[in-house]
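Next come the chains, spelled out residue by residue.
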Amino acid sequence: MIPVLWRASLRFLWRHPWQTGLTVLGIALGVAVVVAIDLANDSARRGFSLAAEQTAGRATHQVIGGPRGLDESVYRALRMAPGDLPMAPVIDDYVAPAADPGRSLRLLGVDPFAEARVRDYVRVGGGGTPVTRLLAEPGAVLMAAETADSLGMAPGDRLEVLARGRTATLTLAGYLETTDPALRRLVRGLLLTDIASAQEILGEQGRISHVDLVLPAGAAGGAALERLRALLPAGAALLPAEQRSAALGRMTEAFHLNLSAMSLLALLVGTFLIYNTTTFSVVRRRPLLGGLRTLGVTRRQIFRLVLAEAAVTGLVGALLGLGLGVALAELLLRLVTRTINDIYFVLTVRELSITASGLAKGLLLGVSAALLAALPPALEAALAPPRAILNRVVLEARLHRGVRWSAAAGAGLALVGAAVALVPGHSLGLGYVALVALVLACALLTPKLTLLLVAAFRPLLAFLLGALGNMAARGITAHLSRTGVAAAALMVAVAATVGVGTMVASFRDTVVHWLDESLRADVYVAPARTAGGAAWPDLGRGFAERVAGLEGVAEVATYRRVVVESASGPTQLVAASLPASERERFRFRSGAPDAAWAAFRAGGAVLISEPYAFRHGLGVGDTLELRGSAGPVRLPVAGVFHDYRSDQGVVYLDAGLYRRLWNDEAVSSLGVHARPGADIGQLMARIRALPAGGLALAVRANRELFNASVEVFDRTFTITTVLRLLAVVVAFVGVLSALLALHLERAREMAVLRVNGLTPRQVWLLVTAQTGLMGLTAGLLAVPAGLLMARVLTHVINYRAFGWTLQWTTDPAILGQAVLLALAAGLLAGVYPAWLMARTPPALALRGE
Amino acid sequence: MRLVRRLTHLLLAAALAFAPALGAQEGGGFRLGELLGGDGAGFARALEPRPFRFPADHGPHPDYRSEWWYFTGNLRTAGGRHFGYQLTFFRFALRPDPPVRDTAWAANQVYMAHFTLTDTEGGRFHAFERMSRDSLGLAGARSQPFAVWLRDWRAEGRAAALFPLRISVAEEGIALDLTLEGGKPWVLQGDRGLSRKSAAAGNASYYYSGTRIASRGLVRLAGVDYPVSGSSWFDREWSTSALGAGQVGWDWFALQLDDGSDLMYYRLRRADGSTDPHSAGILVDGEGRTTRLAHDAVRLEAGREWTSPATGAVYPVGWKLSVPALELSLEIAPRLPDQELDLSVRYWEGAVGVDGERDGRALGGVGYVELTGYGG
């Protein structure tokens, strides 16, 4: 490259700091959002694998049991068998400090003598004689000094905790100490205790969560596997350790993918921006580039020059974006982990892990987006004959032809997108392909539609502002080379807010409606539960009967909620005893309600929720296979019902059937129906007054539970809202930059108008009318585009990610806001250019040219 | 002497269970003294001689802090192929006053076991270790019928009497299934079974031995069962006492001589290399009559040294032991030099052959030797 060309290029960028700055900012924001989401996702995943590692250690396999884990005799049978395979019994659960019930601490109960060969524990120090104390003192626990500090504890101190609905007292016997940073992360938030203490703390005598095994590789491992399997009772299963944790990890994959896809939207908008700027810079420098060509600079050199400029801009923007992204990731990580905690499992991620690959990905995306976006203008600049570059009219004329091409391409792409969206199947990736195709189609159609809309608005503007109105409208049409792309960028961003907003609104309406329908009981009773706790504590059947006998109680529905583990992941089971009024709340997606309930009550069939049916490919008439306490259990599916509690789905079965198959009499929660006219407040007081065997009870009225559920829902979508706003910010920057360019370029035109008698106020009017009109046009176009996106998001993406059918809701407020947003962005973007043009003396502007 | 060593083993092993990455002994990890909890206050102590009651005393004595059941023996096939074995169960109490607990995992006793097999012809020595709490029946001991076990490693009697006693132990394809048929009467060590370890009162153990027990059964090695017979030695000891000051290790000999007599002697080594005056021994004749040997009645000379390729520890592996008053002079040679147990704590314990003379007549024999405190 000739240094002179570089200097010309640099000088141009330098002379247009706003232009350059905004482009850099646009790229920076786009990259920042992608990087931030990437880092937040990565950190959350890392937090998950760390949590898995906390328990897994070197274990290659696990023996798992039924809903309440394993009977400890299973471990004894395995351990007493010949051979000396490393194996360790584990009790894995969560407890909460009584003083801070919202906080979950992982309680790991282990046998120190079995541990060494399965898990790398750390040195135990402080507090005297920890192992002896751990074994001999009930409630003795070890934790990292950091964890103790956060609880305000020193060795010897006691801690009251809520465990399985009861309170228990722990004593800090010593610290888990390590200098190895990897191990230090592992023990964070972990309470390590002897397995005897763990049983006492949780009130789970006789039970363990699972057994960890380290089996050798190859044939010896296979033989050991066979030998051990033969020792297991029917209700237990021996599975590869990673299989179970992978199944758990898969639960959040759709969630992470959706976030990544949304972050790419911001980058897409940023790409429009670069395209816009580069096109502008080519247009603006047409005399220079034309001159260079006549002086003998080759096409290749021009092409390289334009691309190099874009690459540099992209690089600078991307670098800035990395810094911004890391900062943003801190915020997003909190939102991501909160959502995972609300919906999936307890996940404590204390720190953002910034990976080189995450940053490199952001950098690469930013620069490639810039290069890609600069490709058409670079070709444009390089391929045009020297004279033509000098001729602006040729360019505009060509662009107007391009509008037709772009519209045709857009229509074609729209058809492709629609076709892909309509292909049945479960592929989330294809769903996103359809979405991107449709978004691009809308963007390609935007210039043509803008022309049409502006033409439609012209009489109105002319009526309102007279000649100025006419001029404003024509300005947009005449300068389509810049306005078209700016309008498309703004349209895409606003459409995204409409699409995502409508999807969330539909989702929320569906859930609220469903909650309203499904929360039929007047009072709900359940033990206070620690987030992440392995099993729901048992209220006791006696308690349920006592509640049923209370004055003012008409009927009581009992529920037993458990998780049955299998190789394909956990299945949530609800064993229910439902009075007629509770049964009415179920809305069936398939299966005739009467027949379904008859089969359910006869005690042979199950009802499954929609996401469960979706995930496991089950329908009415199919058979569901689960691990029962006496071996595999095959149950026919009698109905599929709507349920929005869990995206993993849930299986309902009759309480009596469950007791037979899983040998578990426990009751997890109650739905209490009051007699007509009974005072709910008094009823709740009477329930609270019942002896509950030391359990801390959560007794909640219908409305309370409803509100709490809606609150969780809203919290879940906070991150979506944040991403949506970020896309709008990027789009706004884009519009600002495009309009700025346009009007700076038109400084001479304005000067001519000023010389011809246009007042500064009229300049203001002209400019703001023009930008306002552009905003309005983009906003109006964004409504149908956004609704189209919402359709795909709701019916394709959401269904494929989570298996939910959502009712479609269009909220006029969201649509109105979108148009206003675009209009405001347009008007606001006009302020600076208008101010600049009104202020510049015409003579100066003319001389400048 | 075994007492001191056993405690060391057990406590360090307990520590290692939580700090397998080793290095636990250097700062930050457990300290032996800490784990011992000072002076063993609250546990029963061996203060004076007591009457021994059998078979009750074959069972555990949980009031005392530590205890072991210690089998060693020399075995031969009909064709003369020699094997040596060691199977030891150690018990260690955590607390003198365990709290009442509502769980089957409650544990106040910890068991550890070592199993070794010396394959003289194959030139291989195999050593294994296990540990467990006494919960869920994973490990334990009882007197009637006698049993001590750690998972599927067991020594078990069939009826009220200790013998016949069956030993069955297997690990990694190496197995021992022996029936111990009985032999000489029980030998009470020290003063009527009270074995004093130092001048301090209560620093002693209750200690009795079966010095020659006819044994037969099977050794399994590399998929082959070898029918074997020979004689075993059974040591029983329990106490609460801790380490004596200034002692660095000991050399212990349990020899079964061809004239029907058995000789036990331990030399306690002090830091300056001298022999601690509490070193002692006993000679048991063919009818079970005993003669106590004071430390100055026995002369012991170490022969050649062997350096462990695994640990770098240097052990003396040949000995000259003589009791001038009895005109007894013995050359003791290991069946293999490498009979080092590189387990929670390292020591050398192995089968030996004996060659010598008494009253001018040639006298052979077999036995076991234990060497501790040789570094590494």
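Residues numbered from 1 in each chain as written. Chains lettered and ligands numbered in written order. Predicted model: local features only at pLDDT ≥ 70, side-chain atom pairs only at ≥ 80, totals over all residues.

Attention shifts here to the overall build of chain A. Across its full length, chain A carries 31 helices and 22 strands. Among the 849 residues that make up chain A, the fraction classed as buried is 51%. Taking as baseline every contact in chain A between residues at least 6 positions apart, the subset at least 24 positions apart corresponds to 86%. (Helix = DSSP H or I, 4+ residues; strand = E, 2+ residues; numbered from the N terminus. Buried ≥ 20, exposed ≤ 12 C-beta atoms within 10 Å, placed from the backbone. Contact = placed C-beta atoms within 7 Å.)

Glancing now at unusual backbone geometry. Put simply, Gln144 of chain B and Pro145 of chain B share a cis peptide bond, and its omega is -10°. Cis geometry is adopted by the peptide bond preceding Pro164 of chain B, which originates at Phe163 of chain B and carries an omega value of 0°. Tracing the backbone shows Pro164 of chain B in the loop between β7 (153-157) and β8 (165-171). In this structure, Arg164 of chain A takes a positive phi of about 50° despite not being glycine. Summarising the element assignment, Arg164 of chain A is placed in the loop between β7 (158-163) and β8 (166-177). Backbone geometry places Leu136 of chain B, a non-glycine residue, at a positive phi of 55°. Positionally, Leu136 of chain B belongs in the loop between β4 (124-133) and β5 (139-142). The buried category is assigned to Leu136 of chain B, around which 20 C-beta atoms lie within 10 Å.

This brings us to the packing of helix α17 (residues 428-465) of chain A against helix α29 (residues 760-802) of chain A. Residues and elements named next belong to chain A. At their nearest, the axes of α17 and α29 sit 8 Å apart, and the two run at 155° to each other. Between α17 and α29, the angle falls in the class roughly antiparallel. For the element pair α17 and α29, the recorded crossing hand is right-handed. (Axes fitted to C-alpha atoms, helices over the stretch in contact; angles between N-to-C directions. Parallel < 35°, antiparallel > 145°, perpendicular 65-115°, else oblique. Left-handed = near helix turned anticlockwise from the far one by under 90°.)

All names here are of chain A. At their nearest, the axes of α17 and helix α18 (residues 467-478) sit 7 Å apart, and the two run at 160° to each other. Judged by the angle between their axes, α17 and α18 are roughly antiparallel. Viewed along their axes, α17 and α18 form a crossing whose handedness is right-handed. Contacts between α17 and α18 involve Leu451, Val454, Phe457, Arg458, Leu461, Ala462, Leu464 and Leu465 from the first element and Leu468, Gly469, Asn470, Ala472, Ala473, Ile476 and Thr477 from the second.

This brings us to the environment of Val699 of chain A. All names here are of chain A. Its place among the elements puts Val699 in strand β22 (residues 697-701). Taking the number of C-beta atoms within 10 Å as the measure of exposure, Val699 has 21 and is therefore buried. Between the C-alpha atom of Val699 and that of Leu773, which follows or precedes it by 74 residues, the distance is 57 Å.

By size, the foremost hydrophobic cluster in this structure holds 145 residues, and its most contacted members are Met491, Val492, Val494, Ala782 and Met789 of chain A. Per-element accounting of this core gives the leading share, 22 residues, to α29 of chain A. When residues no more than four places from it in sequence are discounted, the contact partners of Met491 of chain A are Cys442, Ala443, Thr446, Ala778, Leu781, Ala782 and Ala785 of chain A. Counting residues in hydrophobic clusters, the runner-up holds 144 residues, among them Leu134 and Val161 of chain A together with Ala46 and Phe253 of chain B. (Core = buried A, V, L, I, M, F, W, Y, C linked by C-beta atoms within 7 Å.)

To continue, consider helix α20 (residues 541-548) of chain A. All names here are of chain A. For α20, the full list of buried residues reads Phe543, Ala544 and Val547. Summarising the axial view, the buried residues of α20 lie within an arc of 100°, below the 170-degree limit, and thus occupy one face. Looking at the buried positions of α20, the neighbouring elements they touch are β13 (523-527), β14 (553-564), β21 (669-674) and α25 (680-689). (Arc of directions from axis to C-beta.)

Now for the environment of Thr477 of chain A. The topology assignment puts Thr477 of chain A in helix α18. With 30 residues separating them along the chain, Thr477 of chain A and Pro447 of chain A place their C-alpha atoms 9.3 Å apart.

Moving on: helix α24 (residues 655-662) of chain A. Residues and elements named next belong to chain A. Along α24, the residues classified as buried are Ala655, Tyr658, Leu661 and Trp662. Seen along its axis, α24 keeps its buried residues to an arc of 130°; they face one direction. With its phi angle positive at about 60°, Asn663 sits one or two positions after the end of α24.

All names here are of chain A. In this structure, Leu78 sits in helix α3 (residues 72-80). Separated by 151 residues in the primary sequence, Leu78 and Arg229 have C-alpha atoms spaced 9.2 Å apart. Among residues more than four places away in sequence, those in contact with Leu78 are Val63, Met87, Val211, Leu228 and Leu231.

This paragraph deals with the confidence of the model for chain A. In this model, chain A carries a mean pLDDT of 82, and residues with pLDDT of at least 70 account for 89%. Low pLDDT (under 50) marks residues 122-128 of chain A, which in the prediction has 33 contacts with non-local residues, meaning those over four places away or in another chain. (pLDDT = per-residue confidence, 0-100.)

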